[in-house]
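Residue strings, one per chain:
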Amino acid sequence: MAIKGNPGDNRSRGPLPIFVVVGLCCFFYLLGAWQRSGFGKGDSIALQMTKKAEDCSILSNLEYETHHGDQSGMVDDPKLEVKQFEPCGEQYVDYTPCHDQMRAMTFPRENMNYRERHCPPEEEKLHCLIPAPKGYVTPFQWPKSRDYVPFANAPHKSLTVEKAVQNWVQYEGNLFRFPGGGTQFPHGADAYIDQLASVIPMDNGTVRTALDTGCGVASWGAYLFKKNVIAMSFAPRDSHEAQVQFALERGVPAVIGVLGTIKLPFPSRAFDMAHCSRCLIPWAANGGIYMMEVDRVLRPGGYWILSGPPINWRTNYQSWQRPKEELEEEQRMIEEIAEFLCWEKKYEKGEIAIWRKRVNNEYCSERDSRVTLCESSKSENVWYKKMEACVTPYPETRNSDEVAGGELKPFPERLNAIPPRIASGSVPGVSVESFQEDNKLWKKHVKAYKRVNKFLDTGRYRNILDMNAGLGSFAAALESPKLWVMNVMPTKAESDTLGVLYERGLIGIYHDWCEAFSTYPRTYDLIHANGVFSLYKDKCNVEDILLEMDRILRPEGAVIFRDHADILGQVKRIATGMRWKTKMVDNEDGPLIPEKVLFAVKRYWVVGDNNSTAL
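Per an unreviewed UniProt entry, the protein carries the name Methyltransferase and comes from Nicotiana tabacum.

Shown next as structure tokens:
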């Protein structure tokens, strides 16, 4: 078996050694078998796969080396002891370290502070593996997953009782069914979205990215996929304990989050529209600070949708069981805040109101004399930064027709078009040429990934996490209706390019990988880690990052690491003690390149399995 070179590359490469060929074939045969085994077959399949691994004697005995000149020799020293990680207790099945309920209750309830991120100190971090619940199975593939979730994967029935009359979720046998209803869309999400689309251009690619605040089980985001719109949904971990977990089990982007006291972990001018459907956020409170934060992340020309109280209070104040004077004052204040934010009201019918943010400051000259403007330098510096009662200024424009920050092409054209932030030279170190080269490079990388992991194009991986997204070219190369990518911009990254990703029509979030991610366990099918461990070298513990990856990766999920060989050798040893099966391969440009690729698969195991992690 010979590896073909890149187009135009005339360097000859010989065939891979036969022991490498056989070893890789065995590994990816087993990868496929493990990943097919999650459909309700449980422990017996896991045991069968273990036996097949033992039968594949070349794989079990193979000491696979990569060759990279005089760098650091063997990437994995067999003399070094492999640390075995034990399972955590059953009570940690749904553990969310930075949103732990017991820790949350020790923080002030004012302005939802207690529902924000509060991560455990170093001495309280768990150093064990979060187990899957008994009966856990691989979720259905999209689009079936939108409507059905196995009960065993998120065994929480509270929403089926609390929201029974609102058609959020129903329990049927061993499945949850999501009918596509909601408190504000009793006729279904499709009908509700069609009503919005009569005002907002969702059908021509103009609107691509959306923010759903207080998302519930994210049915709005789930049905927006029909219009090729991708929504970043968030809701707090509260009494409806499984809502974000349900969203991700359905294959819909979501994170645990709340509008409280700190800024949202998104760049300015990110979303084409923002949405609140009875999301219980007090928009008129605190001088309108929450609407100011929505204004910060809303692109010039973007839309804000408010559905539910206090809209149409005259008709509904009795059914809402609230004084009509209180609701009237609440809507008056929202209208007033929207006006000084320079939003234009475009629509109000029934319980739905829609505003549009002006495209530039030419329409808002009076606003600037009446509000406090935020410092422009602080608009992207949001990680754990307090929200301020100030309005984010528009980027400068030359005339009244120009869109502040640059006009975007419709999706999918904008995916590979030059993003305005790059075209204007506002991203240090990134030029038009380097952006185009990055795009080409990641198309080549992804093509090589697909030659190894045959499941990338099949729909097997729906929820994908890119831990170090750069310019978003990995996600762009994978773009498909079968999947979505959560692009993470590490707060330790040298250059902040998250705004560029949103201009491409992708979604993403700021995060520091020294802490846990704002999600439930088992929410991603595939994790991509490009240069993550080089980036975090000497900043935090490699073991902690890998344990967090294990927490958020589904049983039988896959990981692709891309890093220097010596770093991946350390990663491989730790991963071996975490019930992961791994295989190192050379860079697609040949064995002399010090950057290697490590493929891994998380084994299937659940609460009560044999506690030994030994392979």
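### Here's the deal with the overall build of the protein
Looking only at helices and strands, the protein features 20 helices and 17 strands. Sorting the 615 residues of the protein into buried and exposed places 58% on the buried side. Sequence separation of 24 or more characterises 71% of the internal contacts of the protein that already satisfy a separation of 6 or more. For the protein, the computed accessible surface area is about 25500 Å², with 51% contributed by carbon and sulfur atoms.

### Looking at the side chain of Arg-250
Tracing the backbone through its elements, the reader meets Arg-250 in the loop between α9 (243-249) and β6 (254-256). As a buried residue without a salt bridge, Arg-250 has its nearest oppositely charged side chain in Asp-147, at a separation of 4.9 Å. At 2.8 Å, the side chain of Arg-250 and the backbone oxygen of Arg-146 are in polar contact. What Arg-250 contacts, discounting residues up to four positions off in sequence, is Trp-142, Ser-145, Arg-146, Val-149, Phe-178, Val-217, Ala-218, Ser-219, Ala-222 and Tyr-223.

### Digging into the sheet that holds strand β1 (residues 148-150)
Taking strand neighbours across the sheet as the criterion, the 3 strands line up as β1-β3-β2 in an open arrangement whose pairing is antiparallel. The sheet terminates laterally at β1 and β2 (170-172), the two strands that pair on one side only. Mean inter-strand twist for the sheet, computed between neighbouring axes without regard to direction, equals 30 degrees. Inspection of the sheet shows β1 paired to strand β3 (residues 175-177) by 3 bridges, in the antiparallel sense. Paired with Pro-150 across the bridge in β3 is Leu-175.

### Some details on the packing of helix α19 (residues 542-552) against helix α20 (residues 565-576)
Contact geometry of α19 with α20 gives a least axis separation of 10 Å together with a crossing angle of 55 degrees. For the element pair α19 / α20, the angle class is oblique. In this structure, α19 meets α20 at a crossing whose hand is right-handed. In this structure, α19 uses Val-542, Glu-543 and Leu-546 to contact α20, whose residues at the interface are Gln-570, Val-571 and Ile-574. Split into classes, the residues belonging to the contact of α19 with α20 amount to 4 nonpolar, 1 polar and 1 charged.

### Digging into the state of the cysteines
Tallied over the entire structure, the rule returns 6 disulfides. The disulfide partner of Cys-374 is Cys-390, and the gap between their sulfur atoms is 2.0 Å. Its S-S torsion of about 100 degrees marks the bond between Cys-374 and Cys-390 as right-handed, since a negative value means left-handed. With Cys-374 in the loop between α13 (365-370) and α14 (420-423) and Cys-390 in the loop between α13 and α14, the pair connects residues that are 16 residues apart, well separated along the chain.

### Some words on the pairing of strand β16 (residues 580-585)
Burial analysis of β16 places 6 of its 6 residues in the buried class, the great majority of the element. Both faces of β16 are covered, namely the face carrying Trp-580, Thr-582 and Met-584 and the face carrying Lys-581, Lys-583 and Val-585. Relative to strand β17 (residues 595-602), β16 runs antiparallel, the two being bridged by 6 bridges. Residue pairing for β17: Trp-580 is matched across the bridge by Lys-602.

### A few points about the nonpolar core
Core analysis: the largest hydrophobic core is formed by 139 residues, its most contacted members being Met-273, Trp-283, Met-549 and Phe-561. If you count residues domain by domain, this core takes at least three from each of domain 1 (188-362) and domain 2 (412-602). Within the second largest apolar cluster, 10 residues are counted, among which are Trp-168, Val-217, Ala-242 and Phe-246.

### Quick word on the pairing of strand β12 (residues 484-490)
For β12, the buried fraction is high: 7 of the 7 residues fall into the buried class. Neither face of β12 is exposed, since Trp-484, Met-486, Val-488 and Pro-490 on one face and Val-485, Asn-487 and Met-489 on the opposite face are all buried. The pairing of strand β11 (residues 463-466) with β12 spans 4 bridges and is classified as parallel. Looking at the pairing, Leu-465 lines up with Met-486 of β12. Handedness of the crossover joining β11 and β12 through helix α16 (residues 473-478) is recorded here as right-handed. As paired elements, β12 and strand β13 (residues 507-511) share 5 bridges and run parallel to each other. Opposite Met-489, over in β13, you have Tyr-510 as the bridge partner. Between β12 and its parallel partner β13, the chain crosses via helix α17 (residues 498-503), and the hand of that crossover is right-handed.

Procedures and definitions
Residues numbered from 1 in each chain as written. Predicted model: local features only at pLDDT ≥ 70, side-chain atom pairs only at ≥ 80, totals over all residues. Heavy atoms only, no water. Helix = DSSP H or I, 4+ residues; strand = E, 2+ residues; numbered from the N terminus. Buried < 20%, exposed > 50% of the residue type's maximum accessible area, 1.4 Å probe, protein only. Contact = heavy atoms within 4.5 Å. Areas by Shrake-Rupley, 256 points an atom, 1.4 Å probe, with all protein chains shown as cover. Lys, Arg positive; Asp, Glu negative; His and termini not counted. Salt bridge = Lys/Arg side-chain N within 4 Å of Asp/Glu carboxyl O. Polar contact = N/O pair within 3.5 Å; in protein donor to acceptor, adjacent residues only side chain to side chain. Pairing = 2+ DSSP bridges. Axes fitted to C-alpha atoms, helices over the stretch in contact; angles between N-to-C directions. Parallel < 35°, antiparallel > 145°, perpendicular 65-115°, else oblique. Left-handed = near helix turned anticlockwise from the far one by under 90°. Nonpolar A, V, L, I, M, F, W, Y, C, P; charged D, E, K, R; others polar. Disulfide = S-S within 2.5 Å. Core = buried A, V, L, I, M, F, W, Y, C linked by side-chain atoms within 4.5 Å. Domains from an automatic or database assignment. Right-handed = clockwise from strand over helix to strand, strands pointing away.

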